[in-house]
Amino acid sequence: QVQLVESGGGLVQAGGSLRLACAASGRTFSTYAVAWFRQAPGKEREFVVCISRNSAYTYYADSVKGRFTISRDNAKNTVYLQMNSLKPEDTAIYYCAAVQLAYETAYTPRRADEYPYWGQGTQVTVSS
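Since the model is a prediction, treat every value here as computed from it, not as a measurement. (Residues numbered from 1 in each chain as written. Predicted model: local features only at pLDDT ≥ 70, side-chain atom pairs only at ≥ 80, totals over all residues. Heavy atoms only, no water.)

This brings us to the overall build of the protein. What the protein contains, in helices and strands, is zero helices and 11 strands. The C-alpha radius of gyration computed for the protein amounts to 14 Å, which stays within 12% of the reference 14 Å derived for 128 residues, consistent with globular compactness. In terms of overall dimensions, the protein has C-alpha extents of about 45 × 25 × 25 Å along its principal axes. Relative to its 128 residues, the protein shows a buried fraction of 45%. Intrachain contacts of the protein at a sequence separation of at least 6 include 61% that bridge at least 24 residues. Accessible surface, the protein as shown: approximately 6,500 Å² in total, 47% of it carbon and sulfur. Between the averaged position of the 13 positive side-chain charges in the protein and that of its 10 negative side-chain charges there is a distance of 5 Å. (Helix = DSSP H or I, 4+ residues; strand = E, 2+ residues; numbered from the N terminus. Rg over C-alpha atoms; globule rule 2.2 N^0.38 Å. Buried < 20%, exposed > 50% of the residue type's maximum accessible area, 1.4 Å probe, protein only. Contact = heavy atoms within 4.5 Å. Areas by Shrake-Rupley, 256 points an atom, 1.4 Å probe, with all protein chains shown as cover. Lys, Arg positive; Asp, Glu negative; His and termini not counted. Charge placed at Lys NZ, Arg CZ, Asp CG, Glu CD.)

Below, the structure is given as structure tokens:
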């Protein structure tokens with residue numbers, strides 16, 4: 001089992017940048033694929049990006065491709081989300097989620113119901 005804690009959210013102007021972090025507990029973090037999801041008020045939770053166990057594979061939602069970058073440091077049990085060129089429509093609560101996988105795979109889950117472990121979320125607000 002793994003526990004996740006997000007940090008790094010805040011208020012930023014359009015065009016600005018933020019770096020989110022997702023810190024995980026446990027000694028087997030390198031066996032987990034991790035994803036970021038977000039949920040804006042009145043909207044469903046949506047997939048943003050995912051990264052495989054050893055960073056070999058990433059997959060981005062079209063809405064963030066070219067602006068967001070996911071990375072991970074398994075030695076620090078942490079996944080990062082660098083968000084550049086932020087837009088007001090990026091405003092949401094951002095959640096990291098994790099699922100344990102038996103091996104490194106090109107297919108990393110992209111549906112929320114495929115992830116059993118979730119953090120509490122961090123608010124990102126982008127002003128126009």
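There is more to say, and it comes next.
Take the pattern of salt bridges next. Opposite charge on two side chains permits pairing when their charged atoms draw close. The tally for this structure, following the rule as stated, stands at six salt bridges. Taking the shortest distance from any N to any O, the salt bridge between aspartate 62 and lysine 65 comes out at 3.1 Å. Judged by its relative accessible area of 65%, aspartate 62 is exposed. Its salt-bridge partner being arginine 111, residue glutamate 114 comes within 4.0 Å of it at the nearest N-O pair. Relative accessible area serves as the criterion here: at 48%, arginine 111 is assigned to the partly exposed category. Through salt bridges with shared partners, one network takes in Arg38, Glu46, Arg67 and Asp90. (Salt bridge = Lys/Arg side-chain N within 4 Å of Asp/Glu carboxyl O.)

Bringing the pairing of strand S8 (residues 78-83) into the picture now. Of all the six residues making up S8, five are buried; the element is thus mostly covered by neighbouring parts of the structure. Sheet topology places strand S7 (residues 68-73) next to S8; six bridges connect them, and they run antiparallel. Along S8, the bridge assignment pairs serine 71 with tyrosine 80. Count of turn residues in the S7/S8 antiparallel hairpin: four residues, of which asparagine 77 carries a positive phi of about 55°. (Pairing = 2+ DSSP bridges.)

Our focus in this paragraph is the nonpolar core. The nonpolar side chains of soluble globular proteins are, as a tendency, buried together. Ranked by internal contacts, the top residues of the largest apolar core, which has 38 residues, are Trp36, Phe68, Ile70, Val79, Leu81, Met83 and Tyr94. Elements supplying a minimum of two residues to this core: strand S3 (18-24), strand S4 (32-39), strand S5 (46-51), S7, S8, strand S9 (92-100) and strand S11 (122-127). (Core = buried A, V, L, I, M, F, W, Y, C linked by side-chain atoms within 4.5 Å.)

Spatial ordering of the open sheet is given by S1-S3-S8-S7, a layout of four strands whose pairing is antiparallel. What marks the edges here is a single partner per strand, and that holds for strand S1 (4-7) and S7. On average, each strand axis in the sheet is tilted by 15° relative to the strand beside it, whichever way the strands run. (Axes fitted to C-alpha atoms, helices over the stretch in contact; angles between N-to-C directions.)

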